[in-house]
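Each chain is listed here by its residues.
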Amino acid sequence: MLDAFMRLKNLILKYNPDSNLALIEKAYNISTKAHEGQERVSGDPYIVHPVEVGCILAELEMDDSSIAAGILHDTLEDTTFTYEQIKKEFSAEIAELVEGVTNLTKIPYTSKQEIQAENFRKMFLAMAKDIRVIIIKLGDRLHNMRTLKFMGKEKQLQKARETLEIYAPLAHRLGIHKIKWELEDLSFRYLDEKSYYDLVERIAKKRKEREEYINNVIESVRKKTAEVQIDTFIEGRAKHLYSIYKKMKLQNKTLDQIYDLFAIRLIVDSVKDCYALLGLMHEMFKPMPGRFKDYVSMPKPNMYQSLHSTVIGPEGIPFEIQIRTWEMHRVAEVGIAAHWQYKEGGYGEKSYAEKLSWLRQMIEWQKDARDPDEFMENLKIDLFTDEVFVFTPKGDVKSLRAGSTPIDFAYSIHSAIGNRMIGAKVNGRIVTLEYELKNGDIVEIITSGASNGPSRDWLKIAKTSQARNKINQWFKKEKREENVEQGKLAFEKELKKHGLTMNQAVKSEYIESLLKKYNFHNIEDIFAAITLGGITANKVVSRLKEEYRKSLPPEEQTHMLIDQIEKESKRKSKALPESGVVVKGIDNCLVRLSRCCNPVPGDEIIGYITRGRGVSVHRKDCSNIRNTIIDGDARLIEVYWYKSVSTNVSYLAEITLKARDRTGLIVEITNAIGESRIPLRAINARTAKDMTVQMQMTLEINNTDQLDRIIAKMSRIKDVYDISRNK
């Protein structure tokens, strides 16, 4: 263990010879004593983890306080050490950093999604106070991902998914690319192991010829820069695995069709040299149209600066060139962490607040996000999105998420501009409010004092949470009575669907529970929130219905549950005669979906020509058809789904759920299905002697995405340990 700590000290001294090593050693000694006797799942002494987190922070060249807090980050959660002790032994600054990183005490929630949403809310508030909290948290998550192989499969998938959806995008937003890339590749490895190792193997096969190619390019560039006497550091940079995988998926390409698997990076001393080198590179290699990006004059919100250009190299193979100064390179690698390097003095830079404006916006909209599903969905969208850079008529640059509209632009300037907006001009021409803004657009918002405010339709058009939040705020304030009335109508309509009356559902004890859970003041707030999309009528009614059911005698509870299942089972199918399947090369062919495997849009399918009954469509993994495919039966025929299968067409999917039996389990499962608005056509449950229950369910769905979502939702229910689709 001392070897790891010596490595940490050497890393620190390398970039900061004047470091307060006594502080670091004190943190190490106290953390070692506090974690004495504790072990990681790997069997290593627990202190290994905090020291490795310290090493990650040192590689980012963080300040002494951050590294000390990194070494101490688990003491509050996993030991008897207290906040006051840390404050006394070190400082209030370090104590607050450790407390910010610590997972705060959990309060009871009804779902894992709510726990996760609340934890991220707290994390963003801690970040707003001191952004170093999340840098330490990223170090903690990175080392946990590096040692994820010691965890069980379910834990691996959960942590990898959370890392890919939240922590990697956070690292991207903070400009810490070296951590972002590693987190993505580690997550990819556990989420899709087969694809990961297949890609590793295929890239390794051609590594030698690629290295030879890029080395030849580098050598020719080195000679050219020497001729013009520009002092240039040149290096080759391979794309990381997840980036390649994403590109193959998004563009539906094979590895052989992905040419820009590598880039060359040119690092120089000045901005003037950056542009001089760009001209030189465009003389040497033909630039590809539309593939030049100038992040030097228009930096990304996470401070990233560089010139990017994709060019055609020798043998007609494209590759990317990145040109930047040494300072830009430092920021590109460690992003916001550059502000705490020992010479910088933390928050000293004036533009610091501007660079974290996205964080302030995120905290602003999350205050009103009461629905945990909505909160997590918006969080993922706002974190992991590309930017588009547009200009105001005065030439100021505005960064918005890709796909943004003039509505988003208007509200990014000021809520008053958005509320009085009646139209927009882009590059001098009037455009519709649905127009998607493009890089370089000059946007002018047309306003009117006589405007009646935003339209509800704008909520569907706006792409940023910031704009939607400000529109909702206007409606909350200006249209309170109307919102309450509309929400009440939607609530009553939903009650009828569930077979309840207002008298049954709206009792003070039921309502009090709901108000407390979602932080509302009264039932009118709930009705208004339904209208504004803050919570769904279905979610409110489902919760009240559950409270009502619990108040009934046991026999009536059972009858109510059976009635609910029977109603769903008898519900008329929305399925249309059309199967949604096309047989290649044959028009107006009789097609039927096989009942043995119930294929659904999104499944890989194959057709089998029957005698007198047209083409029978099976999933390719169907046990009844698998051997036929292997043997190459001549009656097999290629079939595929319509490019856009109507959402009005429904399909039956059978799933098997296994769980440890307990009181209320079936209620939670049927509620999860009901909340997802997926019809339950049939259910059959059996309890074994070992108190495990197996449920066979038939669901009516539109596609595999819908099925995946409901399976994921049910898998989060306590005591459910396996869900699979029947083959």
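Note that the structure is a prediction, hence the values are computed from the model and not measured. (Residues numbered from 1 in each chain as written. Predicted model: local features only at pLDDT ≥ 70, side-chain atom pairs only at ≥ 80, totals over all residues. Heavy atoms only, no water.)

Q: Help me understand the pattern of salt bridges, please; the structure alone is not making it clear to me.
A: A side chain of one charge can pair with a side chain of the opposite charge if their charged atoms are brought near each other. Per the counting criterion, the structure on display carries 22 salt bridges. With a closest N to O distance of 2.7 Å, R725 and D603 form a salt bridge. Of this pair, R725 sits in strand β20 (residues 720-725) while D603 sits in the loop between β12 (591-593) and β13 (605-609), and the two are 122 residues apart along the sequence. The pair formed by R725 and D603 is uniform in burial state, with each residue classed as buried. (Salt bridge = Lys/Arg side-chain N within 4 Å of Asp/Glu carboxyl O. Helix = DSSP H or I, 4+ residues; strand = E, 2+ residues; numbered from the N terminus. Buried < 20%, exposed > 50% of the residue type's maximum accessible area, 1.4 Å probe, protein only.)

Q: It is not clear to me how the nonpolar core should be interpreted in this structure. Could you clarify?
A: Side chains of nonpolar character tend, in soluble globular proteins, to be buried together. Membership of the largest hydrophobic core comes to 55 residues, with the highest contact counts inside it found for L8, I67, I94, L138 and I179. When residues of this core are traced back to their parent elements, those giving at least two are α1 (2-15), α2 (21-34), α3 (48-59), α4 (64-72), α7 (92-101), α9 (132-146), α10 (153-173) and α11 (177-191). In terms of residue count, α9 provides more of this core than any other element does, 7 residues in total. Every residue in contact with L138, bar those within four places of it in the chain, is listed here: Y167, A171, L174, I176, I179 and L183. Grouped together as the second largest cluster of nonpolar side chains are 36 residues, I218, L241, L266 and V296 included. (Core = buried A, V, L, I, M, F, W, Y, C linked by side-chain atoms within 4.5 Å. Contact = heavy atoms within 4.5 Å.)

Q: Honestly, α11 in this entry has me stumped. Any pointers?
A: In an α-helix there are 3.6 residues to a turn, and that puts residues three or four apart on one side. With 15 residues, α11 ought to run about 21 Å at 1.5 Å a step, and its terminal C-alpha atoms sit 21 Å apart, in line with that. Next to the buried residues of α11 lie α3, α9, α10, α12 (193-205), α14 (241-251) and α16 (326-334). (Expected span 1.5 Å × (residues − 1).)

Q: What should I look at first to understand the sheet that holds β13 in this one?
A: Hydrogen bonds along the backbone pair up the strands of a sheet, which may run parallel or antiparallel. The strand order across the open sheet formed by 4 strands is β12-β14-β13-β15, and the pairing between neighbours is mixed. This sheet does not close on itself; its edge strands, each paired only once, are β12 and β15 (636-637). Of the strand pairs in this sheet, β13 and strand β14 (residues 615-619) are connected by 5 bridges, and their pairing is antiparallel. Within the sheet, the bridge partner assigned to I609 lies in β14 and is V615. (Pairing = 2+ DSSP bridges.)

Q: For this particular structure, what's the right way to read the environment of R141?
A: As for its placement among the helices and strands, R141 is situated in helix α9. Through-space distance from the C-alpha of R141 to that of A168 is 9.8 Å; in sequence the pair is 27 residues apart. The contact partners of R141, leaving out residues within four places of it in the chain, are K159, E162, T163, Y167 and L183. A distance of 3.5 Å separates a polar side-chain atom of R141 from the backbone oxygen of K159. (Polar contact = N/O pair within 3.5 Å; in protein donor to acceptor, adjacent residues only side chain to side chain.)

Q: Help me understand the sheet that holds strand β1 (residues 233-238), please; the structure alone is not making it clear to me.
A: Here we have 5 strands laid out as an open sheet, ordered β1-β2-β5-β4-β3, and mixed in their pairing. What marks the edges here is a single partner per strand, and that holds for β1 and β3 (286-294). For this sheet the average axis-to-axis angle between neighbouring strands, irrespective of direction, equals 20°. Judged from the 6 bridges that link them, strand β2 (residues 262-268) and strand β5 (residues 318-325) form a sheet pairing that is parallel. For A263, the partnering residue across the bridge sits in β5 and is E320. (Axes fitted to C-alpha atoms, helices over the stretch in contact; angles between N-to-C directions.)

Q: What's the story with helix α24 (residues 480-497) in this structure? I'm lost.
A: Under the 1.5 Å per step criterion, the end-to-end length of α24 is 26 Å for 18 residues, consistent within 8% with the ideal 26 Å. Looking at α24, one finds that the buried residues are N483, V484, G487, F491, E494 and L495. Within α24, the buried residues cover an arc of 105° as seen down the axis, which keeps them to one side. Away from its buried face, by an angle of more than 90 degrees, α24 presents the exposed residues E481, L489, K493, K496 and K497. Taken together, the buried residues of α24 touch α23 (465-478), α25 (502-505), α27 (523-532) and α28 (537-550). Directly beyond the C-terminal end of α24, a positive phi value near 75° is found at G499. (Arc of directions from axis to C-beta.)

Q: Sorry if this is basic, but what is going on with the environment of L652 here?
A: Here L652 lies in strand β17 (residues 651-660). Under the relative-accessibility criterion, L652 is labelled partly exposed at 35%. Separated by 59 residues in the primary sequence, L652 and L593 have C-alpha atoms spaced 10.0 Å apart. Ignoring sequence-local partners within four residues, the contact set of L652 consists of N598, V600, R681, T698, L699 and E700.

Q: Whenever I open this one, a nonpolar patch on the surface confuses me. Can you help?
A: Taken together, the side chains of V41, F150 and M151 make up a nonpolar region of the molecular surface, amounting to roughly 270 Å² of accessible area. Within the secondary structure, M151 sits in the loop between α9 and α10. Classification of M151 by relative accessible area gives partly exposed; the value is 35%. (Patch = residues over 30% accessible without salt bridge, like charges linked within 9 Å, V, L, I, M, F, W, Y side chains within 5 Å. Areas by Shrake-Rupley, 256 points an atom, 1.4 Å probe, with all protein chains shown as cover.)

Q: How do you make sense of the confidence of the model for the protein chain when you look at a structure like this?
A: Atomic detail in the predicted coordinates should be set aside for any region of low pLDDT. Residues with a pLDDT of 70 or more make up 81% of the protein chain, whose mean pLDDT is 79. Ignoring residues within four places in sequence, the model shows residues 341-355, a span with pLDDT below 50, making 27 contacts including any to other chains. Long-range and interchain partners of residues 568-577, a stretch whose pLDDT sits below 50, account for 17 contacts in this model, where long-range means more than four residues apart. (pLDDT = per-residue confidence, 0-100.)

Q: Help me understand the environment of I717 in this model?
A: Note on placement: I717 falls in the loop between α32 (704-715) and β20. For I717, a relative accessible area of 10% puts it in the buried group. The spatial distance from the C-alpha of I717 to the C-alpha of I669 is 7.5 Å, given a sequence separation of 48 residues. Excluding residues that lie within four positions of it along the chain, I717 makes contacts with R662, L665, E668, I669 and A672.

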